[in-house]
Amino acid sequence: MLFFGANAATYPLYVNGVQVTENTKGDILGDGTMSFDPETMTLTLNGVNLKGTADGVPVIESKYDRMAETLKIVLADGKNNRITTSYSADAFAADGYVTFTGDGSLYLNSPNGAGINMRGNSTTLEFDQTSVRASGDRGIQNSGGYGTLRTNASTITGVSTSSNTCGITGFTWYDPENSKFAYEGTFFYNGAFRTSTTAPVLGSVQILPDVTEYPIKICGKNINSANCEKFKFPGLNSGSVTLYNEDDKYTLVLFDADITLPAGQKNAIEYYSSSTAELNKPLVIELGEKNKIDLSDEDNAIAIRGSSTTVGDLTITNGIGGSSLSITGHGYGSRGLYSTGQAITLKNLTLDIHLDGGACGGILAYNQPLTIDRSSITITGGEGPAGCNILEHVSEFTLTRAEITSHPGAYYDTSTSKMRTADGADLYAFASEPFVISPEQSYYLSIAGKEVTSMNYRDLPTLLGSDILTNGYITFDPASNTLTLDGAYLKVPDDKDVSTLMYYGNKELIINCVHDRGEGYSTLMATSKSITTSCIAAFGPIKFTGSGGLLVAAQLCSFVDNIGQKGIEVWGVNNVTFDRCETVIVNGGIHHNNSTSNSELIINNSSKLLIGQETLKTHAAVKGFKNVTLTGCVATSSLEEEDNGVYTGDVTYAYDTESRTFVDEAGDACYMIVIYWTPLLGDVNNDREVDITDVVAIANFVMGSTPANFVEANADINGQDGVDITDVVKLANTVMGL
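Below you will find a few notes about this structure. The structure presented is a predicted model; accordingly, all values stated were derived computationally and were not measured.

Observations concerning the nonpolar core
Logical step 1: Counting 62 residues, the largest nonpolar core has Leu-252, Ile-293, Ile-302, Leu-346 and Met-419 as its most contacted members.
Logical step 2: Counting residues in each nonpolar core, the second largest holds 55 residues, with Ala-488, Ala-526, Ile-590 and Tyr-653 among its members.

Side note on the sheet that holds strand E18 (residues 171–177)
Logical step 1: One open sheet holds the 7 strands; their spatial order is E4-E5-E8-E11-E13-E15-E18, and the pairing between them is mixed. Looking along the sheet, the strands with just one partner apiece sit at the ends: strand E4 (34–37) and E18. Between one strand and the next, the sheet's axes are offset by a mean angle of 15°, whatever the strand orientation.
Logical step 2: One ladder, built from 4 bridges, connects strand E5 (residues 42–45) with strand E8 (residues 71–75); its direction is parallel. Residue pairing in the sheet places Leu-43 in a bridge with Ile-73 of E8.

Quick word on the environment of Asp-128
Logical step 1: When you line up the elements, Asp-128 lands in strand E13 (residues 124–128).
Logical step 2: The sequence separation of Asp-128 and Glu-177 amounts to 49 residues, and the corresponding C-alpha distance is 9.3 Å.
Logical step 3: Excluding anything up to four places from it in sequence, Asp-128 contacts Thr-99, Phe-100, Thr-101, Gly-102, Asn-152 and Ser-154.

Topic: the side chain of Glu-440
Logical step 1: Note that Glu-440 resides in the loop between strand E43 (435–439) and strand E44 (442–447).
Logical step 2: The buried charged residue Glu-440 lacks any salt bridge, with Arg-374 as its nearest oppositely charged partner at 4.4 Å.
Logical step 3: Discounting residues that sit within four places of it in the chain, Glu-440 has contacts with Arg-374, Arg-401, Ala-402, Thr-453, Ser-454, Met-455 and Asn-456.

Focus: the pairing of strand E49 (residues 509–514)
Logical step 1: Both strand E47 (residues 482–491) and E49 contribute to a ladder of 5 bridges, which runs parallel. Each bridged residue has a counterpart across the sheet, and for Leu-485 the counterpart in E49 is Cys-513.
Logical step 2: Of the strand pairs in this sheet, E49 and strand E52 (residues 542–546) are connected by 4 bridges, and their pairing is parallel. Bridging across to E52, Asn-512 finds its partner in Thr-545.

Things to note about a nonpolar patch on the surface
Logical step 1: A grouping of Val-690, Ile-692, Val-696, Val-735, Met-736 and Leu-738 is seen on the molecular surface, where their side chains present a nonpolar patch of about 560 Å² in accessible area.
Logical step 2: Note that Val-735 resides in helix H3 (residues 725–735).

Quick notes on the pairing of E5
A regular strand places its side chains so that they alternate between the two faces of the sheet.
Logical step 1: Here 4 bridges tie E4 to E5, and the two strands are oriented antiparallel to one another. Of the residues in E5, the one forming a bridge with Asp-37 is Thr-42.
Logical step 2: Where E4 folds back on E5, the antiparallel hairpin that results is connected by 4 residues, among which Met-41 adopts a positive phi of roughly 55°.

Points about the environment of Ala-303
Logical step 1: Its location among the elements puts Ala-303 in strand E30 (residues 300–304).
Logical step 2: Each C-alpha atom of the pair Ala-303 and Val-628 lies 61 Å from the other, and the pair is 325 residues apart in sequence.
Logical step 3: Not counting residues up to four positions away in its chain, the partners in contact with Ala-303 are Asn-267, Ile-269, Glu-270, Tyr-271 and Tyr-338.

Side note on the packing of helix H2 (residues 692–702) against H3
Logical step 1: Where H2 contacts H3, the axes come no closer than 9 Å and their chain directions differ by 170°. Relative to H3, the element H2 lies roughly antiparallel. Between H2, through Ile-692, Asp-694, Val-695, Ile-698, Ala-699 and Val-702, and H3, the contact on the second element is made entirely by Ile-725, Val-728, Leu-731, Ala-732 and Val-735.
Logical step 2: Partitioned by chemical class, the residues of the contact of H2 with H3 number 10 nonpolar, no polar and 1 charged.

Rules used in this analysis
Residues numbered from 1 in each chain as written. Predicted model: local features only at pLDDT ≥ 70, side-chain atom pairs only at ≥ 80, totals over all residues. Heavy atoms only, no water. Core = buried A, V, L, I, M, F, W, Y, C linked by side-chain atoms within 4.5 Å. Buried < 20%, exposed > 50% of the residue type's maximum accessible area, 1.4 Å probe, protein only. Pairing = 2+ DSSP bridges. Helix = DSSP H or I, 4+ residues; strand = E, 2+ residues; numbered from the N terminus. Axes fitted to C-alpha atoms, helices over the stretch in contact; angles between N-to-C directions. Contact = heavy atoms within 4.5 Å. Lys, Arg positive; Asp, Glu negative; His and termini not counted. Salt bridge = Lys/Arg side-chain N within 4 Å of Asp/Glu carboxyl O. Patch = residues over 30% accessible without salt bridge, like charges linked within 9 Å, V, L, I, M, F, W, Y side chains within 5 Å. Areas by Shrake-Rupley, 256 points an atom, 1.4 Å probe, with all protein chains shown as cover. Parallel < 35°, antiparallel > 145°, perpendicular 65-115°, else oblique. Nonpolar A, V, L, I, M, F, W, Y, C, P; charged D, E, K, R; others polar.

Below is the structure:
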């Protein structure tokens, strides 16, 4: 509600009879102790000491009626406020709804009036997690009729100096939450606070918080059962903090929380030993979004205090993917994590600790283990003497699915409680040389159920074991995302129901089939345990390349149409590509799981690809792709009309985009197709390129020395039904651009 006077907008809020205006709202008294925000209807008291000035004039008066929004009066954290008058007037009077809240305190006194007087009809006075004492001829009074009093975890004292008046009077209803009376036997009935004898209480009424105090403080303020949801405390700049008291643990959720430790406090987050045994249990700090803790001097970001028998262990974990915690401090002796007797586990999170004040420590746990599980940890300090200790007094340091990547060979020396370099020197973290632990990174590739990661890809034979890799060689290059099979025979153990190869990344996986060290073609053998588990499951794009040969062997099929193992099965909008491949057999066909997908099958300059199986005729060779693109090759059924992989026949199959399968000349689905190269005139050595090596090969052929894999059909350059020196000359001129 806004009024316009002669010079400035005004609000129906008065201080000693003077109306608050647009010009005065930011600093009503001119000393920084009182301000008003009309947008949120919030009056903030920040250590105010205000006295009345006249009879009949309340010290603070709100004329907002009950049709307006609730007036919120915030008592600033840690501030004591006083509003008193010696005149015949109320210390505070209001016509509409009012809520007092905040971690400060307020004392109101009016010997000749009311400490608080609610004058409007059918209004509500609420005290929410705060402390207010109102005294006077009437302490806290509802004079307008049909009023409601609400209290939540607050210390409220109403004192009446009149011998026949209750300290809190005139309210029709009382709605308590997390509240109790200071004097046993007090209760509210029929519009009055009464004693156990049902007589009205005269003089003083005190209402106290009825909460369970949890042994956890943030920036010096205790968390309890009333304030634990979206906990507010000094130093919380933005974001939210919520504590969940579960049967077997506490879960403290930091969501995008920006915390600055106030001066005079030693711990941003502190978990200490409670005298109530059942309150001592493990603490899990769960991170959401990006969280930040700023320290000052010789402080701890997170401190766990107590023996291992009185306080539970600490776990910090990632509640939402990509969440993090950043700890910074510039004071002498600051520490990131500090424990006096509890194990610390850091799991699936990103933690950055930067402490450059000197004599600082990243993580300290007195005679307790520290476990870092698949987490990214970076610790930095200042330079020179301001370098930061990394770990201190840890009894056992365990890395699970994580590794030290900044200092190869570094280790924790339990005898000296120090991190050491590979050659045994003390290791500190500097701004120019941070200490970094990196999490095990998944490459989204699983071989017979074994996940390939940054920590095991260098030695896949050891990862797979002889029961999976029974022969040959296999390597993975994460930089190019290439899996190289060299005569590798891979099979799923008999007791496993998984795909031989599963890929679920976004970057194209290249499967390169070579024949360098291994014997024979590479083989991927599907499981024998399930009829529905395909040999290769592609949840991401896959490209096959190389001339080393590959057998993709689905084993279990059914006589029911489209039931049974597929050689390659694709999910999502992901393409399958064969690029310059030779001799690949895909038993069970290549199918997309969704018959309306936008995925494509791309076959480029590849030959001797046998896809599908002719015997049972239950699987189409290729099924479900939006389109199939053949470049430099052709699909057919013939196994004979070819010359070193170049097709010489005239029967070809086309891909029908309506039925999404290859069809023969009669329009029937093909259960097996064979891919051969189309003739490439001049490519006589069959490398799908025409260059000087082909000129030499034709020359040798003309002279009676036929090279291996010579494709005579591509050698008749001049088209005169025969290969002679004129073909050599013409091809040479073509290659040289003449």
